[in-house]
Each structure stands twice: as structure tokens, then as C-alpha cells.
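Here is what each chain is made of, one letter per residue.
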Amino acid sequence: MVLALTVAAYMITYMDRVNIASTVPVIQKELGLSMVTVGWILSSFRWGYALFQIPGGWLGDRIGPRRALALIVTWWSIFTSVTALAWSAGSMAVCRFLFGMGEAGAFPIATRSLSRWMLPAERGFAQGVTHAGSRLGAALTPSLVVMLMLAYGWRAPFFVFGALGLVWAAVWYWYYRDTPAEHGSVNSAERCLIETSLGGARSARTRSVPWRRILGSGTLWTMSLMYFCYAYSISVYLDWFPKYLNDHRGFDLKEMGLYASLPLLAGTVGDLFGGWASDRWAKSSGNLKMARRGVAMAGFLVAAGAILPATFTASPMASVWYTCVAVFGLETTVGVSWALPLDIGADYAGSVSSVMNSCGNIGGAISPALLAYLVRAYSWNVPFVVAAGLCVAAALLFSKIDATRKIFAD
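Notes on the structure in this doc start here. (Residues numbered from 1 in each chain as written. Predicted model: local features only at pLDDT ≥ 70, side-chain atom pairs only at ≥ 80, totals over all residues. Heavy atoms only, no water.)

### Digging into the side chain of threonine 311
With respect to the element layout, threonine 311 can be found in helix H13 (residues 288-312). Threonine 311 gets classed as buried once you look at its relative accessible area, which sits at 4%. In terms of polar contacts, threonine 311 uses its side chain to reach the backbone carbonyl oxygen of isoleucine 307, at 2.8 Å. (Helix = DSSP H or I, 4+ residues; strand = E, 2+ residues; numbered from the N terminus. Buried < 20%, exposed > 50% of the residue type's maximum accessible area, 1.4 Å probe, protein only. Polar contact = N/O pair within 3.5 Å; in protein donor to acceptor, adjacent residues only side chain to side chain.)

### Details of the nonpolar core
In terms of nonpolar packing, the biggest core is built from 118 residues, with Trp168, Tyr237 and Phe300 touching the most fellow members. It is helix H11 (residues 218-247) that provides the largest number of residues to this core, a total of 16 residues. Residues within four places of tryptophan 168 in sequence aside, it is in contact with Leu5, Ala8, Ala9, Ile12, Leu69 and Val73. (Core = buried A, V, L, I, M, F, W, Y, C linked by side-chain atoms within 4.5 Å. Contact = heavy atoms within 4.5 Å.)

### Describing the environment of tyrosine 49
Locating tyrosine 49 in the fold gives a position in helix H2 (residues 35-51). Residues tyrosine 49 and alanine 106, 57 residues apart in the sequence, show an inter-C-alpha distance of 9.7 Å. Dropping the residues within four chain positions of it, tyrosine 49 is found in contact with Arg17, Gly100, Met101, Glu103, Ala104, Phe107, Asn357 and Asn361. At 3.3 Å, the side chain of tyrosine 49 and the side chain of asparagine 357 are in polar contact.

### Here we look at the packing of H13 against helix H17 (residues 381-398)
For the pair H13 and H17, interaxial distance at closest approach is 8 Å and the crossing angle is 165 degrees. Here H13 is positioned roughly antiparallel relative to H17, judged by the angle of their axes. As for how H13 packs across H17, the hand of that crossing is left-handed. Contact with H13, carried on its side by Arg292, Arg293, Ala296, Met297, Phe300, Leu301, Ala303, Ala304, Ile307, Leu308, Thr311 and Phe312, involves Asn381, Phe384, Val385, Ala387, Ala388, Cys391, Val392, Ala394, Ala395 and Phe398 of H17 and no other residues of that element. Counted by class, the contact of H13 with H17 contains 18 nonpolar, two polar and two charged residues. (Axes fitted to C-alpha atoms, helices over the stretch in contact; angles between N-to-C directions. Parallel < 35°, antiparallel > 145°, perpendicular 65-115°, else oblique. Left-handed = near helix turned anticlockwise from the far one by under 90°. Nonpolar A, V, L, I, M, F, W, Y, C, P; charged D, E, K, R; others polar.)

### Looking at the state of the cysteines
This structure, assessed with the given rule, holds zero disulfides. Of the cysteine sulfurs around cysteine 359, a residue in no disulfide, the closest is that of cysteine 229, at 12 Å. Cysteine cysteine 391 remains unbridged, with the sulfur of cysteine 229 as its closest cysteine sulfur at 8.2 Å. Assessed through its relative accessible area of 1%, cysteine 391 is described here as buried. (Disulfide = S-S within 2.5 Å.)

### Brief notes about the packing of aromatic side chains
All told, the structure shown has 20 aromatic pairs when counted by the stated rule. Ring plane angle 55 degrees and centroid distance 5.8 Å describe the contact between tyrosine 237 and phenylalanine 241, whose orientation is recorded as tilted. With tyrosine 237 and phenylalanine 241 both in helix H11, this residue pair falls four residues apart, about one helical turn. As far as burial versus exposure is concerned, tyrosine 237 and phenylalanine 241 are alike and both buried. On the numbers, 5.8 Å between centres and 25 degrees between planes, the contact of phenylalanine 241 with tyrosine 244 is stacked. Taken together, the positions of phenylalanine 241 and tyrosine 244, both in helix H11 and three residues apart, correspond to about one turn of that helix. Residue phenylalanine 241 shares its accessibility class with tyrosine 244, and that shared class is buried. (Phe/Tyr/Trp six-rings, centres within 6.5 Å; stacked < 30°, edge-to-face > 60°.)

### Notes on helix H14 (residues 316-332)
Here H14 contains 17 residues, and its C-alpha end-to-end distance of 25 Å stays within 8% of the 24 Å for a straight helix at 1.5 Å per residue. Those residues of H14 that fall on the buried side of the exposure criterion are Ser319, Val320, Thr323, Cys324, Ala326, Val327, Gly329, Leu330, Glu331 and Thr332. Close packing links the buried residues of H14 with helix H7 (123-152), H11, helix H12 (253-285), H13, helix H15 (334-345) and H17. (Expected span 1.5 Å × (residues − 1).)

### Side note on the pattern of salt bridges
Opposite charge on two side chains lets them pair, provided their charged atoms get close. Applying the stated criterion to the full structure yields four salt bridges. In this structure, lysine 243 and aspartate 247 form a salt bridge, with 3.6 Å as the shortest nitrogen-oxygen distance. Placement of both lysine 243 and aspartate 247 in helix H11 is noted, with a separation of four residues, approximately one turn of the helix. Overall, the relative accessible area of 45% leaves aspartate 247 in the partly exposed class. The residue arginine 292 makes a salt bridge to aspartate 343 at a minimum N-O spacing of 2.8 Å. With arginine 292 in helix H13 and aspartate 343 in helix H15, this residue pair connects regions lying 51 residues apart in the sequence. In this structure, arginine 292 and aspartate 343 share a single accessibility class: buried. When salt bridges that share partners are traced, they join Asp279, Arg292 and Asp343 into one network. (Salt bridge = Lys/Arg side-chain N within 4 Å of Asp/Glu carboxyl O.)

The structure is reproduced here in C-alpha cells:
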């Protein structure tokens, strides 16, 4: 149930953040916005998201995931709905920045929430499932947004998705507890199994976060740079792929909604596969370092190899199918990447993951605006070539990451 609620939260995060991508063609016309202006609006969310990762992770470690997640999901759901009230580029950018502030804590705090409930041997799979949920939410969103938009206008999806988040926050606060020991539905055998696997009972909250020790980890900074490359690349697809299909590949709005979903569905499979494959490899070989490295490096190289034919093929449909392979490869790396903070961060997994995700999403924040400038100056091909190069760089960086090199000794 804890994992299911976390998956639902991840779904909502991505539904709320990608719904704007499918409304961009209509918003541009109604508000008279250039592509570069839209790029900066999309980037405003990413900057809020990147800058507040560390405060979000700290909040989860300090007050516990139960209160922290309920608080931030309520915050971002309100600003999801408020986006529909925007009347100009400036007002929309402010709304998206405040929305990004709220979503910033989601993944670090959720990682902290799983650290008290998931057995170490299940971490890769658990993170793969949760991130698969986020991509499934993103995959379902374009078609849902187009349906709502055609029936009620572009503002309706923001109200609907905002209300969904408020319902989740209430259910989470009612059901979740920060530790198994606090939950009335956990029997003694299950509690003993979890606590034994974690090396003993763990507190719900931490009094202070040892930032000097965390920030002194070379492994963490290699992870962060790798995640910069990942976040830049996936942002190209999350923020601009519907517009690319509509503008460059000639699909109409209904076709855009359908075909923009397919790569994200492939990514959902990649999330599930990557986390599962890494855990199985680690369990069968006993070599956690290679299990994390091997799966992630293969995923990044598959992505790089598929992005190029997706970009240069003359066939719009072939481009969509190659993109499915590329996003599958990219997402194969995600469950592995998010298992790493649990592997090396122990009780401070929330804070460790917040540093990784903050650095990563600086790449995600640069991506939307830079893509608009690159398209204006050159063509739609150039941003995808850049993404392919960053995937190769990420594979090389992952070859230096050792998941057994813990920041804190057991």
C-alpha cells in the first residue's frame, strides 16, 4: 500500500508537469507567445524545481515524509490549478515557478518514505516501479489533456489535475506512517523483517543533516553530473515533444496527443525493466557495483543510438518508433539512479537524493529555453543531437559510480 500510494504520487507529479506541453499550441495562439517565450515559461518550472530540491529533501528528513509530502502536494496542486488563471507570459511563468517549488520535494521525500519500508534487495525495483508510475502518468496525460481541451478549453486540465492532487494529499496523510512501527496494520513479523533488513529500528525523523559529510562525497557529485545529462535529455521529450510532432512532423492535435504518449509508455516499461534487472543482477552475482553500472550504462547507450535515427529519418512514424526506443533506454537508467541514494545515503537518503536531483534538474531547467534558441537559430535536429551526446557522457560518468561506497558506515 505504501508503494502503491507512492506510485500514485509520482503519476500525479508528471501529469501536473507535462499537461502544459500539450496545451502549448493553443496557449501560444491565445496569448500571442513566441516559441522562445514559451521556452522560458517551461524553464521557470524547472528552475523552481531545481532550486528547491535540497530544501525539500531537508524538510522530509526533518519532519518526516507523512507531513512533508501532504504539505508539498497540497502546495503544488493549488498552483497547478492557478496556472489556468494566468493572463500573460509573466503571470504564467510565476505560477509555474511556484508550482516547481512545490514539486521539488516530491522525489527526495518519497525516497525517504521508501527508505523506512523497502528491503535493501527491493530498492531498485521499488524505484523502478515508482518512476514507471510517473512516466505512465505522463503517457496518459497528452490524450486526456487534448480531450479536456477540445471539450472545455485549455484551462480545464489544470483545474482537474489540481483537484486530483488535493485528494491524494488527504489520503496519504490519513494512511501513511513514517515508520512501520507506527502503522496499525503492520504485524510484528513484518515489522521485524523490515527492521532486521535495515539493521535495526530507524527513527521517523532526523535531528540534523550532516551536510559536510554528504557534500564531501565524490560519488554523489559524479551521480549529480550524470543526472544533469539525464534530466537535460528527458526534458526535451517531456516539454517539447508534442510541439515537435505538431510543428515539425505535421501531426494534428489529436494525432499529437496519441503519438506523444507512445514514447512515454515505452519509458514506463524501461523504468520497470531497469530497476528489476539491476536488483536481479545484484542478487544473482552479489556484485552491486556492476549491477547498478551495467544496466544504467546500457540504457544510456541505447538511448544515444536511437536518438540519431529518430532525428534524421524522413518518416514521421519512424521517428516516433525510434523515439520510443530512445526513451525506453533513457528510462532504464532511472530506477538504478534513484536506488543509488538509498544504497549510499542510509538515513539521509532524502537529502542525498535532493542534491542529485537538484543538480540534475539544473540540466532540466536549461533544456527548454536552450532548445527554443537552438531551433530558432538552426533547426529541430540540433537539440536532439545534443541530447544524444549527453547520453554518451552520462554512460561514461556511470562507469565511475560505485554503489557500495557508502557515505555513512553501517
